[in-house]
Amino acid sequence: MEKLSTSLEENYKFFQQRLNHCEDVEFRILNPYKKKDNEIIFLYCENMIDELMVFETLFEKIIQNYPKKNEKIDKSILKDVFPTTSIFFLDDVQEIITYLFYGFCIILFPNSNKAGLVCYSQKDFRQVGEPQSEVVIRGPREGFVEVIRTNIALIRSKLPNANLKVRLKKIGTESKTFTAVIYMENKVPLDTLQKVLTRIDKIDIESTHESGSIERRLEEHPFSLFPQIVHTERPDKLVSDVMEGRIAIIVDGSPHALILPSTLKMFLQASEDYYERYWLGAALRVVRVFAFLIALLLPSFYIGVTTFHLEMLPTELALAIATQKEGTPFSAFFEALLMEVFFELLREAGIRLPMPVGSAVSIVGGLVIGDAAIQAGIASPAMVIVVALTGIASFAIPRYSFAIPLRILRFGLMIITSFLGLFGLMIAIIAIFIHITSLSSFGVPYLELSYSSFKEMFYFVRPSHMKNNKKYTEGEFK
């Protein structure tokens, strides 16, 4: 059955068979006069609904407004009972079942091929709190939660504008997960919006419970190490990007919203850059650029210089490094590889362990392993310093999804440099740069260079806060 029948008995039998062994689904029959034409059937999922409210409001009000014994009942009774409540009617069986498990009460009437739906959703959700992955010293403390309605309300409260459009879609042939596409109608490029909507409609998966599964299917270059879609837990970050003409995607059950199109500079930005004075934001942005270079290149550069180009160093420094390496039996590459593996293990253990234990393991473990490696002659003090600086620099990257590719590329650069020295390092850097320039996100170059992005980079003001912003007002990405 795809559509409801006009026979109440047939509809009742179908739902009983379709929802067989769903013991959390309740069927209630209301028939005070024991007449077949006056029977109403209620369906609801007791774990997703407030039963007390259903009995106190829905059942009692319907009984109070029940027609006389010689009158037939129909769906118009709901409009009399709830004149201002959001009530709608559906005839599609799959849609009705989906809403049933979202916390709606389904009401079946005799001689009607449409069921009434009333929302009584009641579930314990995580309260709105500070984002865990995007902590700021100055700025709003609100963060997205796992409920899509709450997340949309947070966005609406910050941008109460009729141009802010929210289009709901369902993704997943089995899960039917609600997904919201959010954009500013007067700012978004129409071709970009069409590309996003088309690609979302083509997503063919059975279920999705996190925005990450959708992110992989929206990227134009899914096999690239570099992420092409920024995700955020901050409503203020999302609103600012939407005001720039970008599109946001929110998935029910996930606190991480997707923002697209995304460019490389967005992964080095932090919300705090725009809440402090511009010179402080400029200094922090420069620090992050240096952190990016250190996290990617420092171990490889050290291996290349100490192995192939020791003459590039000052004599005293070269002698000091050579003296330290006399007590270590391994090459600079093997030292760096060993220490990097140890550091990655500590980092992963610190993330997976409970927070109080994880922080202690990361700090104490790093100190103990570093000191023990020097005392045992496995690594030189200079190598421990290089690995420690590299790890600290990777923590300074604002986006965790962007720091992971740097960690992977770092090992590849170390291997190339151990064979070809700085010459091989330069070849690898050129190859990475060529790859980055070939990337795009929904038609926008990954290394977007424009007048607005130049002003944003040096003045640290979002394009949405600029006056006479022709580029984004016209909805064009150049």
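The following paragraphs examine the structure supplied in this document.

Calculation notes
- Residues numbered from 1 in each chain as written.
- Predicted model: local features only at pLDDT ≥ 70, side-chain atom pairs only at ≥ 80, totals over all residues.
- Heavy atoms only, no water.
- Helix = DSSP H or I, 4+ residues; strand = E, 2+ residues; numbered from the N terminus.
- Buried < 20%, exposed > 50% of the residue type's maximum accessible area, 1.4 Å probe, protein only.
- Contact = heavy atoms within 4.5 Å.
- Areas by Shrake-Rupley, 256 points an atom, 1.4 Å probe, with all protein chains shown as cover.
- Pairing = 2+ DSSP bridges.
- Axes fitted to C-alpha atoms, helices over the stretch in contact; angles between N-to-C directions.
- Arc of directions from axis to C-beta.
- Parallel < 35°, antiparallel > 145°, perpendicular 65-115°, else oblique.
- Left-handed = near helix turned anticlockwise from the far one by under 90°.
- Nonpolar A, V, L, I, M, F, W, Y, C, P; charged D, E, K, R; others polar.

Along its length, the protein carries 16 helices and twelve strands. Within the span of the protein, comprising 478 residues, buried residues form 48% of the whole. Taking all contacts inside the protein whose residues are at least 6 apart in sequence as the whole, residues at least 24 apart take part in 67%. Approximately 24,300 Å² of the protein is accessible, and the part contributed by carbon and sulfur atoms is 60%.

Read across the open sheet, the five strands follow the order β1-β2-β4-β5-β3; overall the sheet is antiparallel. Edge positions in the open sheet fall to β1 (25-30) and β3 (87-90), since each of these has one partner strand only. For this sheet, the mean inter-axis angle between neighbouring strands, taken without regard to orientation, is 25°. By the bridge criterion, four bridges tie β3 to strand β5 (residues 115-119) in an arrangement that is antiparallel. From the neighbouring strand, Phe89 faces β5, where its bridge partner is Gly116.

Another point: helix α5 (residues 148-158). Residues of α5 that are buried include every one of Ile148, Asn151, Ile152, Leu154 and Ile155, and no others. Buried residues in α5, looked at end-on, bunch into an arc of 155°, giving them a common side. Those residues of α5 hidden inside the fold are in contact with β6 (164-171), β7 (177-184), α8 (235-243) and β9 (247-251).

In this section: the sheet that holds β7. Pairing within the open sheet is antiparallel, and its five strands lie in the order β6-β7-β9-β10-β8. Two strands close off the open sheet at either side, each with one partner strand: β6 and β8 (230-232). For this sheet, the mean inter-axis angle between neighbouring strands, taken without regard to orientation, is 25°. Of the pairings in the sheet, the one linking β6 to β7 comprises eight bridges and is antiparallel in character. Among the inter-strand pairings, Lys170 is bridged to a residue of β7, identified as Phe178. Strands in contact with α5 are β6, β7 and β9; relative to β6, the strand with the most contacts, it is inclined by about 165°.

Packing of helix α11 (residues 332-352) against helix α13 (residues 381-395) brings their axes to within 10 Å, and their N-to-C directions diverge by 40°. By the angle between their directions, the pair α11 and α13 is classed as oblique. Taken as a pair, α11 and α13 cross one another with a handedness that is right-handed. Taking contact as the criterion, the partners of Ala332, Glu335, Ala336, Met339, Glu340, Phe343 and Arg347 in α11 are, on α13, Met383, Val384, Val387, Thr390, Gly391, Ser394 and Phe395. Split by residue class, the contact of α11 with α13 holds eight nonpolar, three polar and three charged.

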